[in-house]
Structure formats: structure tokens, C-alpha cells
Amino acid sequence: MSIDTPSRRSDPDAPSLGRSDVAVVDAPASARESPPMTTDFAPRSDFVRVLTERGYIHQCTDLEALDAAAAAGPITAYIGFDATATSLHVGSLLQIMILRRLQQTGHRPIVLMGGGTTKVGDPSDKDKQRPLLTDAAIAANIAGIKTAFDPFLRFGEGPNEAMMVNNADWLDKLGYVEFLRDYGVHFTINRMLAFDSVKLRLEREQPLTFLEFNYMLMQATDFLELNRRHGCTLQMGGSDQWGNIINGVELVRRVDAKPALGLTTPLLSTASGAKMGKTVSGAVWLNADLLSPYDYWQFWRNTEDGDVGRFLKLFTDLPLDVIATVLAGDINDAKKRLAREATTLLHGLNAALAAEVTARLNFEDGQISADLPTVEIRRADHPSGPLGVTLAVTTGLFSSNSDARRKISEGAVRINDRRVEDPNATFNWNDVHPELRVFKVQFGKKKIVLVRPV
């Protein structure tokens, strides 16, 4: 198995972390990313074994030390989530799932809400600064985000029950001079400028504010605080967080002389190279009030053929032997199984089965189900009846009028099960479905939205 590990450098003044005397603050730029290393390492702990078998590991500061710690007894690990929206989207699901794997194998996950760091904004993999949010907006976002974790983790007071904390609890209390004096001395500008999150922004001549420049120090402080408060010894995150994670590992070593480890997951893209979780219609949100269980099911049903096996391992609880059996059959059946399992984890089995039935009725049996996504259109705005392009744009399936016109002209749109090739074709208000009183608008083979006149 190929595992990425950071390059090592001798530091006689630093405490030992197993084999991980790495990523010192004054390390050269070449050490900021970990070179690949091929190893026959055989995990002893269930945690590292599961992560290895299912493809969660991209980088680790010391995989053998992590495995030894996880085999010796319960460990505590965390992942941070900034509160930039009222819901997380499916791009964050890999991080939620690795916390789930941690708990399933007997360890304690911490969900760190970035009530403090959201006020600054993570510059990692960003071309420009995020808009600054008010305290009220951040609090509202955190309240919305919390609901996404309940289906995946057990929260409580037990030794491996998950806990949720907010880094505003300590970051908001830090005085600026105190912060710089206690933590700033452990970071060099040379080192910080070498990180890709900073380097790429400067290379593109995009401004990087001093506020954002402090983000990596604040995230490092998070690890130190969680280590002190809850005995947390492992920080996890996406591979774009590698530099920030290394800073936290190093700060714990230097300030408190305690062991600390870091692990990253791969940044996911689809088989065609598209960013995971991005669709024509926008982000695939985890909260049901922003994306229906049916649409969530459809997202997974539309997975590219080359991604089905990988996604079954990462985003479902199916055993590996069952996954192998599923993949040995029809690929469309495998996609439906992926959609059912992934939707069940987030929304429950009943919602997953309802979505499956709705899809079958509409795509295989040619019927209309009231469970389909439904939007409204005002009769008063279109006295003579809506145009075909108007109905198409109202669904939200198209980015603009011109996009809808083009797709209609190409014959990719059906209204009431009839192909529409004239964008200016007018529909009578009486053309609705006789029972549901809606227009059925279908784009391609897999996207249907009902438009209800009001």
C-alpha cells in the first residue's frame, strides 16, 4: 500500500513522537508536503486497518505510531468545520465518515465547530478572502450544521461518545499580545510563506490579508487546546489542510512536549475530474430543508461508473465482501444500492426507500409521484399560459434563460412527457396533470421537477 508520510529531519530539542520527529517549524519548503513511501505495513488496530482497506488515508505524520496508539486503547481525534453556511454539503461527508469510522472502532471523535476561525476565514485552496460573517450569522450557521452530524455519530459522555465543541470558547478569550507572545514565537514567516495556501495566493497576485495569515496559527492553537482539555492526540482533515495540521502537531510538541499526530484524507474528484459534490443545480447539501432526500438519493444514483466502488467503500457501511458482490452485478443496480445506503445513513431507511420508489415510478413506469421536487409558478405572471422556456427555468435545472433555450432546442427537455423543441411554445394552464395539477418537466433521463401553478 502506498502511504504518504512527511520527510523527516533531526531536531534534538523536540520530544519524540514515535518516528515522527518531523515538520519542524523552520523546515525547508521541500518538507511542507510529504513524499510518497511504499510500505508493507500491516495495521494492528481496527481503526487504521479500516481506513487503509476503505481508502481514507492520503497522508499521515506517523502511521505506525498512530496504529500503535489506536491498538493500545481508545484515542481521541478531531476534525474542524468552519461555519460558512447553514449546512454542510456532501464535500464534507468524507470528513464526517472518517469520524464515524473512528467511533465505530472504539475511539472518541470531536467535532470542532469553528465559531472563532470562521471570523477569519481559511485561506487554504482559496483565491480570495471569504466574506466576513457577523457573530449572529455564525451562530445561526452552527445551529444548522449541527443537525448533519446526528445521523452519523453518537453524542454523549461515554469514553467513545462523540462531543461537539466550539473554538470560539478559547479563541475569543485570547488577548492579541498574549496570543502573539505565547504562540507566535513558534512560527516563522519563512515557513508560513512556504505553505501552498499562502504561496499560491501570492503567485496569482491575489491579496492575502494579515487576518487570513493568522488562520494557521489559530488552527494550531485549536489542537493545543483540545489536547489540554480532552486529551486529543490526532487531528484529521482533507489534504488541503496538511500544512495547518502539521502546524498544530508541531505546536503541541513544542509548547507542551506531548505526542500529537496528523492524518489527511484525499481530496475527492469524480472519475471525469469534476469536484466531488458539485452539480449543475449547485451544492449537494446535507440538510433536508436545503436538499430533499429524493434529490440526495438522485445525486448518488447518478454517480459515474468509475466511482461506484470507491464511493461504496467511503460513504456506506456495507462490508467489503458485500461491496464486491454488488460490484460483480449490474452497474445500475450497484448505483441504486449506493444511493440507498448513502441516503439511509443521512435521512433514514424510509426516506431512502421512498426516493427509490419515486424514481422507479417516474423513470421506469412513466408515472408522476407527488414526492418529486416541486416548485411554484404564479398564474398572474403569465395570463396566456407559460412558455416552455419559462417552465424550464422555473424548475431551477438550468442556469439561465439562454441555457434553457439551448437545451430545449437540442431536444433535451420534455414537458408532460412530450419532447419540446420550441422554447417559445405556449402551454395552457389546463395542460397540468389532471390529479396532481402540475406540469412535469424532465431534463435528460434522470432529472424531473414538478411545476405547480398558484
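Here's the deal with the overall build of the chain
Logical step 1: A tally of helices and strands in the chain yields 18 helices and 15 strands.
Logical step 2: For the chain, the proportion of its 454 residues judged to be buried stands at 50%.
Logical step 3: For the chain, contacts bridging at least 24 residues in sequence account for 74% of all contacts bridging at least 6.

Some points on the packing of aromatic side chains
Logical step 1: Tallying each qualifying case throughout the model produces ten aromatic pairs.
Logical step 2: Considering the side-chain rings of W300 and F311, the 6.0 Å spacing of their centres and the 85° angle between planes classify their relative orientation as edge-to-face. Of this pair, W300 sits in helix α12 (residues 293-301) while F311 sits in helix α13 (residues 308-315), placing them eleven residues apart in sequence.
Logical step 3: A relative accessible area of 0% means that W300 is categorised as buried.
Logical step 4: Ring plane angle 50° and centroid distance 5.1 Å describe the contact between W300 and F315, whose orientation is recorded as tilted. Taken together, the positions of W300 in helix α12 and F315 in helix α13 put the pair 15 residues apart, joining distant regions of the chain.

Concerning the sheet that holds strand β14 (residues 439-443)
Logical step 1: In space, the five strands of this open sheet follow the order β11-β15-β14-β12-β13, with mixed pairing throughout. Every other strand in the sheet has two partners, leaving β11 (374-377) and β13 (418-419) as the edge strands with one partner each.
Logical step 2: With five bridges joining them, β14 and strand β15 (residues 447-453) adopt antiparallel strand pairing. Bridging from a neighbouring strand, K440 pairs with L450 of β15.

Observations concerning the confidence of the model for the chain
Detailed reading of predicted coordinates is not advised where the pLDDT is low.
Logical step 1: Looking at the chain, pLDDT values average 83 and 82% of them are 70 or higher.
Logical step 2: Per-element averaging of pLDDT across the chain places strand β1 (residues 2-4) at the bottom with 32 and helix α3 (residues 93-104) at the top with 98.
Logical step 3: Under a pLDDT of 50 for its full length, residues 1-38 has, in the predicted model, 93 contacts with residues more than four places off or in other chains.

Here's the deal with the packing of α13 against helix α15 (residues 331-347)
Logical step 1: Close contact between α13 and α15 brings their axes to 10 Å; oriented N to C, the two are set at 20°. With respect to each other, α13 and α15 are oriented roughly parallel. Here the hand of the crossing between α13 and α15 comes out left-handed. On the side of α13, the interface is formed by V308, F311, L312 and F315, while α15 contributes I331, A334, K335, L338, A342 and L345.

Brief notes about the pattern of salt bridges
Logical step 1: For the structure shown, the criterion picks out 16 salt bridges.
Logical step 2: Note that D46 and R49 form a salt bridge whose closest N and O atoms lie 3.4 Å from each other. With D46 and R49 both in helix α1 (residues 46-54) and three residues apart, the pair spans about one turn of that helix.
Logical step 3: When its relative accessible area of 44% is taken as the criterion, D46 is described as partly exposed.

Some remarks on the nonpolar core
Logical step 1: Formed by 69 residues in total, the largest nonpolar core has its most connected members in F47, L66, M236, W300 and F315.
Logical step 2: Sorting elements by how many residues they give to this core places α3 first, with seven residues.
Logical step 3: Excluding its chain neighbours within four sequence positions, the residues that come into contact with L66 are F47, V48, C60, I75, L234, L261 and L263.
Logical step 4: With 27 residues, the next largest nonpolar core counts Y215, L217, L226 and V249 among its residues.

Criteria and thresholds
All residue numbers here refer to positions counted from 1 along the written sequence of the relevant chain. Given that this is a predicted model, residues contribute local features only at a pLDDT of at least 70 and side-chain atom pairs are listed and counted only at 80 or more, while totals for whole chains, interfaces and linings are drawn from all residues. With hydrogens and water excluded, all non-hydrogen atoms of the structure serve as input to the side-chain values. Only runs of H or I of at least four residues qualify as helices and only runs of E of at least two qualify as strands under DSSP, and these elements are numbered from the N terminus. Note on classification: 1.4 Å probe, protein chains only; a residue is buried when its accessible area is under 20% of the maximum for its type, exposed when over 50%, partly exposed between these limits. Any pair of residues with heavy atoms lying within 4.5 Å of one another is described as a contacting pair. For Phe, Tyr and Trp, rings pair up if their centres lie within 6.5 Å, where Trp contributes its six-membered ring, and each pair is then called stacked (planes under 30 degrees apart), edge-to-face (over 60) or tilted (otherwise). Being paired, for any two strands, means DSSP has found at least two bridges between them. pLDDT measures the predictor's confidence residue by residue and takes values from 0 up to 100. Every axis in this analysis is a line fitted to C-alpha atoms, fitted for helices over the stretch in contact. Angles between the N-to-C directions lie between 0 and 180 degrees. Roughly parallel refers to an angle under 35 degrees, roughly antiparallel to one over 145, roughly perpendicular to one between 65 and 115, and oblique to any angle outside these ranges. The hand of a helix crossing depends on one turn: near helix anticlockwise from the far one by less than a right angle means left-handed, and clockwise means right-handed. The term salt bridge refers to a side-chain nitrogen of Lys or Arg lying within 4 Å of a carboxyl oxygen of Asp or Glu. As used here, the term nonpolar core means buried Ala, Val, Leu, Ile, Met, Phe, Trp, Tyr and Cys residues forming a set that is joined through side-chain atoms within 4.5 Å.

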